[in-house]
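The lines below spell out each chain.
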Amino acid sequence: MKPKYQIIIDDIKSKILSGDYRIGEQVPTESAMQETYKVSRHTVRKAILELSNEGFLRSEKGSGTYVSNQYQLKSGGSPNNKTIGVITTYISDYIFPSIIRGIEGRLNEENYSLLLASTNNDVEQEKKALEMMLSFGVDGLIVEPTKSNLYNPNIAYYLSFKEQDVPFIMINAYYEELDVPFFCLDDVQSSYLATKKLISNGHTQIGLISKMDDLQGKYRMKGYIKALGEAKLRFQPEHVLSYNTETKLNLYTNLKEFLTKKRDVVTAIVCYNDEVGLEVLNVCRQIDISVPENLSIIGQDNSYIAKNANIKLTTLTHPQEQMGRDAADWVIKKLQGKKSLPNETYYQPEIVEGETVKELEG
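To start, this report covers the structure provided alongside it. (Residues numbered from 1 in each chain as written. Predicted model: local features only at pLDDT ≥ 70, side-chain atom pairs only at ≥ 80, totals over all residues. Heavy atoms only, no water.)

Re the overall build of the protein chain
Threshold: Runs of H or I in DSSP of at least four residues are treated as helices and runs of E of at least two as strands, each being numbered from the N terminus. Only protein chains enter the accessibility calculation, which uses a 1.4 Å probe. A residue is then buried if its area is under 20% of the maximum for its type, exposed if over 50%, and partly exposed in between. Any two residues whose heavy atoms approach within 4.5 Å at even a single point are treated as in contact. Only the protein chains shown count as cover for residues, and all accessible areas are computed by the Shrake-Rupley method using a 1.4 Å probe. His residues and chain termini do not enter the charge count, which takes Lys and Arg as positive and Asp and Glu as negative. Charge positions are represented by NZ for Lys, CZ for Arg, CG for Asp and CD for Glu.
Scanning the protein chain from terminus to terminus reveals 13 helices and 14 strands. In terms of principal-axis extent, the alpha carbons of the protein chain reach across some 90 × 45 × 35 Å. Counting every position in the protein chain, which comprises 362 residues, the buried fraction comes to 51%. A fraction of 74% describes how many contacts in the protein chain between residues 6 or more apart in sequence connect residues 24 or more apart. When the accessible surface of the protein chain is summed, it comes to about 17,000 Å², and 48% of that surface belongs to carbon and sulfur atoms. Taken together, the 42 basic and 48 acidic charged side chains of the protein chain have centroids lying 3 Å from each other.

In structure tokens:
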């Protein structure tokens with residue numbers, strides 16, 4: 001458990017970094033803090049002293065305690081050695097190493113440093129990552145949003161970056177509440193092409209596995225529905241299995257139940273991504289569903305795991321390393337004073353043929 005003075009420090013830091021307390025603004029008195037945090041005056045003074053030492057606060061005798069800007073001056077790099085912060089949902093899994101490699105490669109060309117953090121798709125961890133970036137005083141920021149299809153309680157931190165004229169760009173998704181530049185795959189088109197391919201191969205009973213707390217999942221479902229509609233096929237909610245970050249742990253069990261129930265009805269499945277596609281393959285092996293003879297599967301993102309599986313997964317392209325390079329290049333150009341930079345960039349997906357789609361005989 002944190003000591004009481006540390007709780008005060010963390011709370012005041014959060015308020016400063018999110019813009020609740022602005023530079024030059026007077027913070028509550030020691031007496032008010034005692035009442036708010038239910039602590040002794042000694043504890044309050046210890047917290048204020050620590051915050052002053054870190055450059056977050058400054059005290060004026062007879063006047064009060066004020067928010068200082070010294071924390072930015074203490075932590076930021078030199079003008080000749082710019083640091084770009086990168087926040088992703090994950091670091092070592094799935095497509096993220098390729099994205100980070102692209103970012104790092106482009107930053108190295110300009111001798112920029114990289115400060116990396118991950119959120120594990122958890123908003124509290126995103127808050128900590130944003131506070132770290134603000135405390136450090138990064139010159140620019142590249143963010144993959146956390147739970148991008150849900151309301152984000154950390155919006156104030158992003159607005160703080162805007163107020164400080166720190167350029168930032170989002171990748172893979174964005175927060176719809178913010179007017180922010182982004183680089184994304186055209187996720188609607190990705191699922192649309194996947195579903196259309198299955199339809200063109202004679203499938204009419206097509207399932208969907210999708211993750212619904214991320215914007216990609218919302219748009220990938222939209223592409224699936226669009227393709228069904230164009231083919232005059234009825235959207236059937238019972239053919240959709242959705243999950244989120246928390247229920248992902250139970251995905252194998254839920255897939256087993258879903259596929260057992262649908263094994264004589266659904267002939268093909270569009271998967272949220274390749275990771276889910278391989279999980280579907282694993283479940284199929286367990287319950288004796290032959291792929292693609294009895295069930296066709298399409299993943300998305302053309303990840304290394306799709307290429308290295310026992311059976312080559314049919315999937316769609318994702319510009320992983322290129323997206324990383326482009327995002328880093330955007331931030332670099334912004335810092336160099338370039339004005340006419342794109343606010344929205346969508347990469348167009350293409351089918352990558354594999355061994356998991358069967359053509360049904362008419």
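More follows now that the structure is in view.
Concerning unusual backbone geometry
Of note, the bond from Val291 into Pro292 is cis; its omega dihedral lies within 30 degrees of zero at 5 degrees. Position of Pro292 relative to the elements: it lies in the loop between α11 (274–286) and β11 (296–298). Look at Lys147: it is not a glycine, yet its phi comes out positive at around 45 degrees. As for its placement among the helices and strands, Lys147 is situated in the loop between β5 (140–143) and α7 (155–163). The exposure class of Lys147 is buried, given its relative accessible area of 14%. We note that Asp301 has phi near 110 degrees; this positive angle belongs to a residue other than glycine. Note that Asp301 resides in the loop between β11 and α12 (304–307).

With respect to helix α6 (residues 123–136)
Helical geometry: 3.6 residues make up each α-helical turn, so side chains three or four residues apart lie on a common side. Threshold: In this scheme, a helix's expected span is set at 1.5 Å multiplied by one less than its residue total. Each polar contact in these results corresponds to two N or O atoms within 3.5 Å; when the atoms are within protein, one needs to be able to donate a hydrogen and the other to accept it, and residues that are neighboring in sequence are counted only if both atoms are side-chain atoms.
The end-to-end C-alpha distance of α6, which contains 14 residues, comes to 20 Å, matching closely the 20 Å that a straight helix rising 1.5 Å per residue would cover. Turning to α6, its buried residues are Glu126, Ala129, Leu130, Glu131, Met133, Leu134 and Ser135. The N-cap of α6, judged by a side-chain oxygen 3.1 Å from the amide nitrogen of Glu124 a few residues on, is Asp122. Following α6 by one or two positions, Gly137 adopts a phi angle in the positive range, close to 80 degrees.

Describing α11
Between its terminal C-alpha atoms α11 stretches 19 Å, which fits the 18 Å expected from 13 residues at 1.5 Å a residue. Those residues of α11 that fall on the buried side of the exposure criterion are Asp274, Val276, Gly277, Leu278, Val280, Leu281, Val283 and Cys284. Capping the start of α11 is the job of one residue whose side-chain oxygen sits 3.2 Å from the backbone nitrogen of Glu275: Asn273. Asp288 lies just past α11 and shows a positive phi near 60 degrees.

Side note on the sheet that holds β11
Rule in force here: Pairing between strands requires that DSSP locate at least two bridges from one strand to the other. Axis geometry follows a simple rule: fit a line to the C-alpha atoms, using only the stretch in contact for helices, then measure angles between N-to-C directions, giving values from 0 to 180 degrees.
Here four strands make up an open sheet; going across it, the order is β9-β8-β10-β11 and the pairing parallel. The open sheet terminates on both sides in strands that have one partner only, identified here as β9 (240–243) and β11. Between one strand axis and the next, the sheet turns through 15 degrees on average, direction left out of account.

Overview of the packing of aromatic side chains
Operational definition: Only the six-membered ring of Trp is used, alongside the rings of Phe and Tyr, when aromatic pairs are assigned; centres must lie within 6.5 Å, and planes under 30 degrees apart are stacked while those over 60 apart are edge-to-face, with the rest tilted. Whether a charge sits over a ring depends on NZ of Lys or CZ of Arg being within 6 Å of the ring centre and within 35 degrees of the ring normal.
Scanning the entire structure with this criterion turns up nine aromatic pairs. Measuring from centroid to centroid gives 5.7 Å for Tyr158 and Phe168, while their planes differ by 40 degrees, and the two rings are tilted. One end of the pair, Tyr158, is in helix α7; the other, Phe168, is in strand β6 (residues 168–171), with 10 residues separating them in the sequence. Each member of the pair, Tyr158 as well as Phe168, is classed as buried. Centre to centre, the rings of Tyr174 and Phe182 are 4.2 Å apart; their planes meet at 20 degrees, and the pair counts as stacked. One aromatic cluster is present, built from ring pairs that chain together Tyr158, Phe161, Phe168 and Tyr175. The cationic tip of Arg220 hangs over the ring face of Tyr272; the distance from NZ or CZ to the ring centre is 5.5 Å.

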